[in-house]
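# Structural features, examined
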Amino acid sequence: MAAVIFTGAQLLKQQTGIIGIAYIRAANYSTENNAYNLAALKRGTGGRSSFNGIVATVFGCTGFVGRYVCNRLGKVGTQLILPYRGDAYDVRPLKLCGDLGQVYFHPYELRDEESIEKVLRYSNVVVNLVGRDWETRNFNFDDVHVKGARLLAKVAKRSGVERFIHLSSLNAARSPERVILKKGSKFLASKWRGEQAVLEEFPEATIIRPADIYGQEDRFLRYYAGLWRRQGQWLPLWKKGEETIKQPIHVSDVAAGVVAAIKDQDSCGKIYQAVGPKRYYLSELVDWFYRIMRKDENWGYWRYDMRYDPIFQLRVTMTEKGRIGFPIGNLHWERVEREHVTDKVYREIPTLEDLGVNLTEMEEQVPWELKPWTYGLYQGHDVDEPYTAPAPPRVAV
């Protein structure tokens, strides 16, 4: 008689006599507790089909900046976990950021800690791009920029996330500069409180403060090119825009800065200013925009002081109060306030150039961005017909 017993023993021994017992190893795998997870190992030679060891959760991925950041991360072989709170079709174009199995989608709610924890469970990098340009009935500035940012940082720290990148805003301050509104910009004040909340929960977080961002589907160039921002063919600006200095940055440079900050361990716990290479007066910029669109003085363009135009001020108020969803033309008093705040760049705070980002000059990019707004483009005029290039804007000293 013989009996075979399957155990985890490594010894196979033949017994003498009538009864023989054989010990056979049935589990042919390692008993080590810390077994390797092959999915977490770097592999490939680079590119969207490879894996560089970074699993990044990008909050705000469906926004203007989010699409560029996801594309940059996917291009270098990052596995992306993309939370969304709206229609699932909003995130569908982001599947192209990585190869099959590289991009994952999951619904979440900014106030729901459990849903946030689910999308952070396997990540080692978190990028927070969640923001709101205007307040709604469901979310005010503090709900999004302060409470939401604090919760994301808190859960990320508890989940063992290694890097946390938080997008704030240039000119964020406890008491922002006041131009039109009596108390200044609530947006900028909430962004400053959001920075403090993130650093309290995640001291190693990297803060990026971008200036006005321009690019495809932006709210900067298209804001001034839009019909609702003008009074017919006249453009109202506070004090004609001659006392406001801006330093806009291209969206691809902001995305490059986010990726560079993730890779650079020395960026932990630091604040970076994301500004363009040159400073301009707002008056010079908008005049240049309209010259590019071939809407000069002969077309009827004229820039004037909005302080003496009660009709435009009433239109801003009615647009803000009477909206149901998005403000028409992105026109509301909070936006008008922020557009006239001068960009303050501090020497002691590093910029994206310190992360190795080569900044894009507006003179090279803006003419291409404004081509669809060329005057007469759809009335038989050709955008590529011989035309004298307009004079570039003068740089502010």
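Residues numbered from 1 in each chain as written. Predicted model: local features only at pLDDT ≥ 70, side-chain atom pairs only at ≥ 80, totals over all residues. Heavy atoms only, no water.

## Details of the nonpolar core
Counting residues in hydrophobic clusters, the biggest one holds 39 residues, and the most contacted among them are Val58, Val65 and Leu80. Taken together, the elements giving at least two residues each to this core come down to β3 (55–59), α1 (64–75), β4 (79–84), β6 (125–128), β7 (163–167), α6 (251–263) and β13 (271–274). Ranked by residues supplied to this core, first place goes to α6 with 9 residues. If sequence neighbours within four positions are ignored, leucine 80 has contacts with Ala56, Val58, Cys70, Leu73, Gly74, Cys97, Gln102, Val103 and Tyr104. (Core = buried A, V, L, I, M, F, W, Y, C linked by side-chain atoms within 4.5 Å. Buried < 20%, exposed > 50% of the residue type's maximum accessible area, 1.4 Å probe, protein only. Helix = DSSP H or I, 4+ residues; strand = E, 2+ residues; numbered from the N terminus. Contact = heavy atoms within 4.5 Å.)

## Observations regarding the pairing of β4
Within a regular strand, side chains alternate between the sheet's two faces. Most of β4 sits out of view: 6 of its 6 residues are buried. Burial of the side chains of β4 extends over both faces: Gln79, Ile81 and Pro83 are buried on one face and Leu80, Leu82 and Tyr84 on the other. The pairing of β3 with β4 spans 3 bridges and is parallel. Of the residues in β4, the one forming a bridge with valine 55 is glutamine 79. Crossover β3 to β4 through α1 is right-handed. (Pairing = 2+ DSSP bridges. Right-handed = clockwise from strand over helix to strand, strands pointing away.)

## Some words on the packing of aromatic side chains
If you walk through the whole model with that rule in mind, you get 16 aromatic pairs. Aromatic side chains tryptophan 234 and tryptophan 302 sit 4.7 Å apart centroid to centroid with 85° between the ring planes, which places their arrangement in the edge-to-face category. Remark: tryptophan 302 occurs in strand β15 (residues 302–305) and tryptophan 234 occurs in strand β10 (residues 234–237); sequence separation between them is 68 residues. One Lys or Arg, lysine 157, reaches over the ring of phenylalanine 202 and ends 4.8 Å from the middle of that ring. The ring of tryptophan 238 has arginine 307 sitting right over it, with the charged end atom 6.0 Å from the ring centre. (Phe/Tyr/Trp six-rings, centres within 6.5 Å; stacked < 30°, edge-to-face > 60°. Lys NZ or Arg CZ within 6 Å of the ring centre and 35° of its normal.)

## Looking at the side chain of threonine 342
Within the secondary structure, threonine 342 sits in the loop between α9 (333–339) and α10 (362–369). Threonine 342 sits in the buried class, given a relative accessible area of 17%. In terms of polar contacts, threonine 342 uses its side chain to reach the backbone carbonyl oxygen of glutamate 243, at 3.5 Å. Each residue touching threonine 342, except ones within four places of it in the same chain, is listed here: Asn171, Glu177, Glu243, Thr244, Ile245 and Arg279. (Polar contact = N/O pair within 3.5 Å; in protein donor to acceptor, adjacent residues only side chain to side chain.)

## Digging into the packing of helix α3 (residues 141–158) against helix α4 (residues 186–201)
Direction vectors running N to C along α3 and α4 enclose 15°, while the axes themselves pass 8 Å from each other. Relative to α4, the element α3 lies roughly parallel. Considering how the two elements wind past one another, α3 and α4 form a crossing that is right-handed. Where α3 approaches α4, its residues Phe141, Asp142, His145, Val146, Ala149, Arg150, Ala153, Lys154 and Lys157 are matched on the opposing element by Lys186, Phe187, Ser190, Lys191, Arg193, Gly194, Ala197, Val198, Glu200 and Glu201. Among the residues forming the contact of α3 with α4, the class breakdown is 7 nonpolar, 3 polar and 9 charged. (Axes fitted to C-alpha atoms, helices over the stretch in contact; angles between N-to-C directions. Parallel < 35°, antiparallel > 145°, perpendicular 65-115°, else oblique. Left-handed = near helix turned anticlockwise from the far one by under 90°. Nonpolar A, V, L, I, M, F, W, Y, C, P; charged D, E, K, R; others polar.)

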